Amino acid sequence: EALHRAIIAATLAPNHKRTEPWRFHLLGAEAIERICKLNAEIVTEKKGEAAGKKKLDRWLQMPGWLVVTCQNDPSSPSMDEDPAGLARE
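Treat the numbers as computed from the prediction; the structure is a model and nothing was measured.

A. Local environment of the side chain of Asn39. If you trace the backbone, Asn39 turns up in helix α2 (residues 29–47). The exposure class assigned to Asn39 is buried, which follows from its relative accessible area of 17%. Excluding anything up to four places from it in sequence, Asn39 contacts Lys55 and Trp59.

Here it is, written out as structure tokens:
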């Protein structure tokens with residue numbers, strides 16, 4: 001219920017030029033495992049094997065993953081080009 005309300009609120013949030021660029025992805029078990037393993041590899045390279053294993057174990061315990069991405073529209077001016085645009089809308 002809380003997650004559903006958060007997604008609805010996000011889709012109604014103000015956005016630059018009303019482009020609504022966000023996309024919501026609820027990851028499945030296979031994608032979650034791949035992301036966790038990749039993250040653990042990165043941590044292992046930087047902080048050692050024990051830290052990588054600890055990160056992997058902790059991340060695999062998380063019950064679900066909702067990933068929010070932003071889809072850029074090259075035809076729409078960016079905030080850098082029109083910083084006042086958001087305030088006008």
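B. Representation of the confidence of the model for the protein within the structure. Predicted confidence across the protein gives a mean pLDDT of 81, with 80% of residues reaching 70 or more. Element-level pLDDT for the protein is lowest in helix α4 (residues 85–88), with a mean of 45, against a maximum mean of 96 in helix α3 (residues 49–60). Under a pLDDT of 50 for its full length, residues 85–89 has, in the predicted model, eleven contacts with residues more than four places off or in other chains.

C. Spatial organisation of the pattern of salt bridges. Scanning all chains against the criterion turns up four salt bridges. A salt bridge links Arg34 to Glu30, with the shortest nitrogen-to-oxygen separation between them at 3.2 Å. Here Glu30 and Arg34 lie together in helix α2, a separation of four residues that amounts to about one turn. A relative accessible area of 60% places Glu30 in the exposed class. Across the pair Glu33 and Lys37 runs a salt bridge, and its minimum N-O distance is 2.8 Å. Note that Glu33 and Lys37 are positioned in helix α2 at a spacing of four residues, about one turn of the helix. Take Glu33: its relative accessible area is 38%, and that puts it in the partly exposed class.

What counts, and where the lines are drawn
- All residue numbers refer to positions counted from 1 along the written sequence of the respective chain.
- Local features in a predicted model are, by the rule used here, given only for residues with pLDDT of at least 70; side-chain atom pairs are given and counted only at 80 or more, and totals for whole chains, interfaces and linings are based on all residues.
- No hydrogens and no water enter the side-chain calculation; it runs on all heavy atoms of the structure.
- Under the scheme used here, helices are H or I runs from DSSP no shorter than 4 residues and strands are E runs no shorter than 2 residues, and both carry numbers assigned from the N terminus.
- With a 1.4 Å probe rolled over the protein chains alone, any residue whose accessible area is under 20% of its type maximum counts as buried; one over 50% counts as exposed, and the rest are partly exposed.
- Note on definitions: a residue-residue contact is assigned when non-hydrogen atoms from the two residues lie within 4.5 Å.
- A residue's pLDDT is the predictor's confidence in that residue, given on a scale from 0 to 100.
- What makes a salt bridge here is a side-chain nitrogen of Lys or Arg within 4 Å of a carboxyl oxygen of Asp or Glu, nothing more.

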